[in-house]
Amino acid sequence: MLAADEKQTALQTIQAVVTAIAQNHYAEIPTLLSRSDLPMEELQGEIERVLRFQKTTVAPFSEAFADFYEDEDGEGFEIDYRLTESLILTFEGFQREGTLQIVLEDVTAKNF
């Protein structure tokens, strides 16, 4: 079961990532996470491509844009964060040696 402190830590990490994206500080993102499965050049390219096409910007962080899903085995969770109407950042959270790990897994352009 997802503990309240794990959820809060995950939200704080996601907020920091969203702020870095909004400020175009992509190089800062790996320092905010336990790991990124996504190269920052790929992340930046996809986000900027969609933002340019939609003529929009990244909205300020909102907890309402984060959807949490617990793993079936109860060992971790995933978070889909709606960066825009069509851009989804996927994060994974899990415990390793008593420390919460937050990993950026993917960026997906939906309906695009």
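In this text the structure is predicted, and so the values were computed from the model without any measurement.

Quick notes on the rules
- Residues numbered from 1 in each chain as written.
- Predicted model: local features only at pLDDT ≥ 70, side-chain atom pairs only at ≥ 80, totals over all residues.
- Heavy atoms only, no water.
- Helix = DSSP H or I, 4+ residues; strand = E, 2+ residues; numbered from the N terminus.
- Rg over C-alpha atoms; globule rule 2.2 N^0.38 Å.
- Contact = heavy atoms within 4.5 Å.
- Areas by Shrake-Rupley, 256 points an atom, 1.4 Å probe, with all protein chains shown as cover.
- Lys, Arg positive; Asp, Glu negative; His and termini not counted.
- Charge placed at Lys NZ, Arg CZ, Asp CG, Glu CD.
- Expected span 1.5 Å × (residues − 1).
- Buried < 20%, exposed > 50% of the residue type's maximum accessible area, 1.4 Å probe, protein only.
- Phe/Tyr/Trp six-rings, centres within 6.5 Å; stacked < 30°, edge-to-face > 60°.
- Lys NZ or Arg CZ within 6 Å of the ring centre and 35° of its normal.

Some details on the overall build of the protein chain
Summing up its helical and strand segments, the protein chain has three helices and five strands in all. Element order for the protein chain, N to C, with α for helix and β for strand: α-α-β-α-β-β-β-β. A compact globule built from 112 residues would reach a C-alpha radius of gyration of about 13 Å, and the protein chain, at 14 Å, matches this within 12%. Its C-alpha atoms give the protein chain principal-axis dimensions of roughly 40 × 25 × 20 Å. In the protein chain, once contacts between residues fewer than 6 apart in sequence are set aside, the share between residues at least 24 apart is 47%. With the model as given, the accessible surface of the protein chain reaches about 6,500 Å², and the carbon-plus-sulfur share is 46%. Charge centroids of the protein chain, computed over 8 positive and 22 negative side chains, lie 10 Å from each other.

Points about helix α1 (residues 4–22)
Between its first and last C-alpha atoms α1 spans 27 Å; for 19 residues at 1.5 Å apiece the expected length is 27 Å, and the two agree. By the burial criterion, the buried members of α1 are E6, A10, L11, T13, I14, V17, V18, A20 and I21. Structurally, α1 contributes buried residues whose contacts are with α2 (29–32), α3 (40–54), β2 (66–70), β3 (76–82), β4 (87–96) and β5 (99–109). With its phi angle positive at about 60°, N24 sits one or two positions after the end of α1.

Some details on the packing of aromatic side chains
Per the counting criterion, the structure on display carries three aromatic pairs. Centroid distance F61 to Y81: 5.5 Å. Interplanar angle 5°. Geometry classified as stacked. Of the two residues, F61 is situated in the loop between α3 and β2 and Y81 in strand β3; the sequence distance between them amounts to 20 residues. Judged by centre distance (6.0 Å) and plane angle (35°), the rings of F68 and F77 are tilted. Overall, F77 belongs to the buried group, its relative accessible area being 2%. Among the aromatic side chains, those forming a connected cluster through ring pairs are F61, F65 and Y81. Positioned above the aromatic ring of F68 is the side chain of K7, whose terminal nitrogen or guanidinium carbon lies 5.2 Å from the ring centre.

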